[in-house]
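# Residue-level structural notes
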Amino acid sequence: MLGKEICLIPRPSKEGGFFGVSWFYPNSYLVGMSGLGYQLVWRLLDADPQTAVQRGFTDKEEDQVKDSELFGFTLSWELDYINVLEILQKHDIEKLTADRQDKAPIVFGGGPVLTANPEPFADFFDVILLGDAENIVPTFIAAWKVARKLDSREKRLRYLSTIPGVYVPRFYEYQTDGITGPILSIKPTIAEAPEHLAKQLFTAPADYLAHTVVLSHDTAWGDRFLVEIVRSCPQECRFCLASFLTRPFRPAKVDAIMQAIDLGLQHTKKIGILGPSVTEHPHFDQIAEALLERPDIDISIASIRADTISASTLNMLRKLGQKSVTIAIESGSEKLRAIMKKNLSEEEIDNAIDLIDKAGFESVKFYGIAGLPYEQQLDLDETIRLLAKLKKKHKRLRIVFGVSSFVPKAQTPYQWFGRDPNSGEKLEYLRKNLAKLGIDVRPESHNWSDIQAVLSRGDRRLTPLLLDVAEQGGKLGAWKKAFKKFKGVVPDFDYYAFRNIAEDEFLPWTHLTESSKTDYLAKHLTAARDLAQT
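Keep in mind it's a predicted model, so treat the numbers as computed, not measured.

## A few points about the overall build of the protein
Looking only at helices and strands, one finds 19 helices and 19 strands in the protein. Taken over C-alpha atoms, the radius of gyration comes to 24 Å for the protein, in line with the 24 Å a tight globule of 534 residues would show. If you line up the protein on its principal axes, its C-alpha atoms span 70 × 55 × 40 Å. Expressed as a percentage of its 534 residues, the buried residues of the protein come to 58%. Expressed as a percentage of contacts within the protein between residues at least 6 apart in sequence, the contacts between residues at least 24 apart total 76%. Of the accessible surface of the protein, which amounts to about 22,000 Å², a share of 51% is contributed by carbon and sulfur atoms.

Rendered as C-alpha cells:
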C-alpha cells in the first residue's frame, strides 16, 4: 500500500505462478485515488489469485513487479495522454505499439475516454477495453491467461482480438479520402478480428455497487468514502457523454447502498454519494431516511436535478450536513434547454431555488454551457436574465455559476456538431455581465476546450502530432506549433474541432459502436433540429 491507506476489503491470497500487472492512473496520486473507476479496476485485477498488481501514478508508485506482463492505464481526461507517454518512457517501454518487441508488456487501457473514442491514442495501446469494468476486466484477465502461453506477441494479440469488448487497434486499417480528408472506412486486417466491436454492459447483482475500496486522506476528497448509487442518467441530455456512454440508467439496490455505507462508516464519518443524477434514484427518500439514522454522518452529494428537489429531501440533506446544492441548468434559455433535451422548465428552477432558500442552505452552484448547438445571442441574455432574477429574489443565497463551453463528444447525439469558434467571447460576455450582479462566475478555459474537442473527435492520423506535442511539454503553444508543423500531413485544427460532420460520414468510432445506437443518436439529432426550426 502507499502511505497511510486503509484497505476496506479482504484481499485474496495469491497462488504460485502469478503474473505481474502494473496499473497506472496518468496523473497524481491525489487525483487518481479520488476516482472510483481507478479503484474499481484495481479491485477487479487484484481479485484474481494469479495476478500480482502494483499501482502507479505520476508522482508515486508501489514497487513494480519485475517484468510485468500487463501494463495498464485508465484514461478519464483526454489530455492525460501526455502522462501515459511519460510513464511508458520512464519504464523503458516503447511509446508506439508497432515498436514494441516480443517480450515487452502488453499495454492496455480503458476508461470513458477510450471507450468513447480511442482512435487518437490507438497507436499507443496494444489493447483497449470497451465497456463496464465489472465485465470487461475479468474477461480480459481470463483471456490473458490463455494468450500468455502462446509463443509470440503477434499470436497473443491475435487471440485477444477475438474476445468481445477487447479492441486491438493494430489489426485495423484506415481508408481515407486523401491524406487529410474524411475517413471512408476502418476495417480489420486479419480474419480473427471482428469488423464491429461493442462495449460490454454490466448488469449488477442485487448486492453489488461500486464504492471506495482503499481509503486515503491524501486525495482530493480527503478521507471520504464514496458510493455510486446510480450509473448513467435517464434524462439523456443530447450533449452528455455520461448519459449515452453508460446507458441504460441503473440504480443500485437500497440494501446494497446502505451495506456499503455502513462499511465506510467503520472508518470515517465522511460519505460521498455519487452518480450523474443521484436524486433520480427511485428510492432516494428512503436512502436519505436511512442515512439520518446514522449518527454524526457527514454527507456530500453530487449535482442534483432541480425537478427532483422536494422540501423533505432538502430538509434531510441539511440535517445530514449539506451546506450547498449544485444544479446543472446548462442555459437560462427555455428554448435551448428543450433542444438539448434538458427536460427542465424555468418554473421548476424557480421552485427548486425557493425550496433551497427556505431550507437554509448557504449557497447554490449552477453549471452552465456556452456555445451549444443552435445557441443565439438571445439565449445568452436569457441566462443572464434568469440568474439576475434569482439573485434579486434570494439575496441571502450565495450564487456561483460554473460555466464551460460546449465540447462535442463521441457517441452522443451532438457528436456531429463542431465547437462554436466564438466560445471565448461568449464566456467573457457571461462573466462580465453576471459579475456585475454579484454572482461568482467561474469560466473554464475555452482554449483547452478546443484541444479537448480535437482529441474527442480525433483519429490515429494525429499520432505524430501527439508525440510532438508531448515532447514539447504539452502547453497550448506546443499544440499550435504542431498543427503548423504537420500541415498537409494530418487534417487541420478546424477539421477536428470546429467542423460540422455530415451524418452519413464514417466516424473514427463507427466500428466501435452498434449500428442501432448510431441510429438512436441520429433520431435525437433530428429531434433537436426539428425543435430548433420550430
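This is not the end of the story, as more comes after the structure.
## Focus on the pairing of strand S3 (residues 51-56)
Burial within S3 is extensive, with 6 of its 6 residues counted as buried. Residues Thr51, Val53 and Arg55 line one face of S3 and the alternating positions Ala52, Gln54 and Gly56 line the opposite face, and both faces are buried. Alignment of strand S2 (residues 19-24) against S3, held across 6 bridges, turns out to be parallel. For Gly20, the partnering residue across the bridge sits in S3 and is Ala52.

## Notes on the nonpolar core
Residues Tyr81, Phe121, Val127, Leu160, Leu465 and Trp479 are the most contacted members of the largest nonpolar core, which totals 90 residues. Leave out the neighbours within four places in its chain, and Phe121 touches Leu75, Glu78, Tyr81, Val113, Leu114, Leu455 and Leu466.

## Describing the sheet that holds strand S15 (residues 298-301)
The parallel open sheet is built from 3 strands, whose spatial order is S11-S14-S15. Because the sheet does not close on itself, it has two edges, and the strands there are strand S11 (225-228) and S15. Averaged over all neighbouring strand pairs, the angle between strand axes comes to 25 degrees, with direction disregarded. Where S11 and strand S14 (residues 270-274) come together, 4 bridges link them in parallel fashion. The partner of Glu228 across the bridge, within S14, is Leu274. Against the sheet, helix H8 (residues 254-265) touches S11 and S14, its axis set at about 170 degrees to S11.

## Looking at the pattern of salt bridges
The final tally for this structure, using the stated rule, is 46 salt bridges. Of the charged contacts in the structure, one is a salt bridge between Lys155 and Asp151, with a shortest N-O distance of 3.0 Å. Since its relative accessible area comes to 42%, Lys155 is described here as partly exposed. A relative accessible area of 59% places Asp151 in the exposed class. Where Arg385 meets Glu382, a salt bridge forms, and the shortest distance between an N and an O atom there is 2.9 Å.

## Some words on the packing of aromatic side chains
The geometry of an aromatic ring pair comes down to the distance between the two centres and the angle between the two planes. Using the criterion set out here, one finds 22 aromatic pairs in the structure. Residues Tyr374 and Phe417 carry aromatic rings whose centres are separated by 5.5 Å and whose planes lie at 80 degrees to one another, so their mutual orientation is edge-to-face. One end of the pair, Tyr374, is in the loop between strand S17 (363-370) and helix H13 (377-393); the other, Phe417, is in the loop between strand S18 (398-405) and helix H14 (423-435), and 43 residues separate them in sequence. When its relative accessible area of 28% is taken as the criterion, Tyr374 is described as partly exposed. Phe417 gets classed as buried once you look at its relative accessible area, which sits at 15%. Geometrically, the ring pair formed by Phe493 and Phe498 is tilted, given 5.9 Å between the ring centres and 50 degrees between the ring planes. Phe498 sits in the partly exposed class, given a relative accessible area of 22%. One aromatic cluster is present, formed by Trp23, Tyr25, Tyr29, Tyr38, Phe57, Phe108 and Phe140 through successive ring pairs. Across from the ring centre of Trp42, 5.8 Å away, lies the NZ or CZ of Arg55, which sits over that ring. The ring of Phe171 has Arg158 lying over it, and the distance from NZ or CZ to the ring centre is 5.9 Å.

## A closer look at the state of the cysteines
For the structure on display, the rule yields 0 disulfides. Not engaged in a disulfide, the cysteine Cys240 finds its nearest cysteine sulfur in Cys237; these two sulfurs lie 6.2 Å apart.

## Observations concerning the environment of Ala242
With respect to the helices and strands, Ala242 occurs in helix H7 (residues 241-245). Overall, the relative accessible area of 34% leaves Ala242 in the partly exposed class. Sequence separation of Ala242 and Ala482 is 240 residues, and the distance between their C-alpha atoms is 31 Å. Apart from residues no more than four positions distant in its own chain, Ala242 is found in contact with Ser232 and Pro276.

Parameters and conventions
Residues numbered from 1 in each chain as written. Predicted model: local features only at pLDDT ≥ 70, side-chain atom pairs only at ≥ 80, totals over all residues. Heavy atoms only, no water. Helix = DSSP H or I, 4+ residues; strand = E, 2+ residues; numbered from the N terminus. Rg over C-alpha atoms; globule rule 2.2 N^0.38 Å. Buried < 20%, exposed > 50% of the residue type's maximum accessible area, 1.4 Å probe, protein only. Contact = heavy atoms within 4.5 Å. Areas by Shrake-Rupley, 256 points an atom, 1.4 Å probe, with all protein chains shown as cover. Pairing = 2+ DSSP bridges. Core = buried A, V, L, I, M, F, W, Y, C linked by side-chain atoms within 4.5 Å. Axes fitted to C-alpha atoms, helices over the stretch in contact; angles between N-to-C directions. Salt bridge = Lys/Arg side-chain N within 4 Å of Asp/Glu carboxyl O. Phe/Tyr/Trp six-rings, centres within 6.5 Å; stacked < 30°, edge-to-face > 60°. Lys NZ or Arg CZ within 6 Å of the ring centre and 35° of its normal. Disulfide = S-S within 2.5 Å.

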